[in-house]
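As a plain string of letters, each chain reads:
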Amino acid sequence: KELLERAGFEFTVEPAEISETVLRGTPPMQIVEQLSSRKARAIAKLHPTDTILAADTIVVLQGRILGKPKDEEHAAAMLKLLSGNVHQVYTGYTIISGEKLLSGHEVTSVEFYRLSQQEIDDYVASGEPLDKAGAYGIQGRGALFVKRVNGDFYSVVGLPIAKISRLLRRLEAQ
């Protein structure tokens, strides 16, 4: 929402009630595309004349998907796994406008510094990681853990805004 606002888009937010269940073994890029598509289609049924944008983000470390933590202990365990390692952030997006549908994904690699137990404990106590995939927000205090980003930074935040802007303009031109 914040990225779209900063980019000057006018929109309303409507959460989609969908099943986030996917088949075991589904590749991460397909997971985020499927989930963003389900969200967009659910909202498009309610607002068939509107342009709909939906996105979904997951964090993957060595083939293991790190979703949103269940609690503080789970968040701390995730951060310990990410500490000193490189992981991938997959963000899927779907845009529906009338009969047109555009869907895709971005993959960005993020390397964390090695984190001390105190850094992890302090961050978890802040509450920030509890509603974030991978238990961190790169746009918040989680930025202090990031050594390197290879790819679209804003995709890690949750939306590849430059790509989305271009896709929306392309749809309008058609």
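Use the structure listed above.
Residues numbered from 1 in each chain as written. Predicted model: local features only at pLDDT ≥ 70, side-chain atom pairs only at ≥ 80, totals over all residues. Heavy atoms only, no water.

Before going further, it helps to spend a moment on helix α2 (residues 28-46). An ideal rise of 1.5 Å per residue puts 27 Å on 19 residues; α2 measures up with 28 Å between its terminal C-alpha atoms. What α2 keeps buried is the set Pro 28, Ile 31, Val 32, Leu 35, Ser 36, Ser 37, Lys 39, Ala 40, Ile 43 and Ala 44. Where α2 is buried, its residues contact β1 (51-61), β2 (64-66), β3 (86-97) and β4 (100-112). (Helix = DSSP H or I, 4+ residues; strand = E, 2+ residues; numbered from the N terminus. Expected span 1.5 Å × (residues − 1). Buried < 20%, exposed > 50% of the residue type's maximum accessible area, 1.4 Å probe, protein only. Contact = heavy atoms within 4.5 Å.)

Turning next to the packing of helix α3 (residues 72-82) against helix α4 (residues 117-126). Running from N to C, α3 and α4 point in directions that differ by 140°, and their axes come no closer than 10 Å. By the angle between their axes, α3 is oblique relative to α4. Crossing hand, α3 versus α4: right-handed. Where α3 approaches α4, its residues Glu 72, Ala 75, Ala 76, Leu 79 and Lys 80 are matched on the opposing element by Gln 117, Ile 120, Tyr 123 and Val 124. Its residues assigned to classes, the contact of α3 with α4 comprises six nonpolar, one polar and two charged. (Axes fitted to C-alpha atoms, helices over the stretch in contact; angles between N-to-C directions. Parallel < 35°, antiparallel > 145°, perpendicular 65-115°, else oblique. Left-handed = near helix turned anticlockwise from the far one by under 90°. Nonpolar A, V, L, I, M, F, W, Y, C, P; charged D, E, K, R; others polar.)

Here the focus is the sheet that holds β2. The strands making up a sheet are joined through hydrogen bonds of the backbone, oriented either antiparallel or parallel. Judged by pairing direction, the sheet is antiparallel, and its five strands sit side by side in the order β2-β1-β3-β4-β5 without closing on themselves. Of all the strands in the sheet, just β2 and β5 (146-150) have a single pairing partner and so form its edges. Looking at each pair of strands side by side, their axes are set apart by 30° on average, direction ignored. Of the strands in this sheet, β1, β2, β3 and β4 are in contact with α2, which crosses β1 at around 155°. Strands β1, β2, β3 and β4 of the sheet are contacted by α3, whose axis makes an angle of about 130° with β2. (Pairing = 2+ DSSP bridges.)

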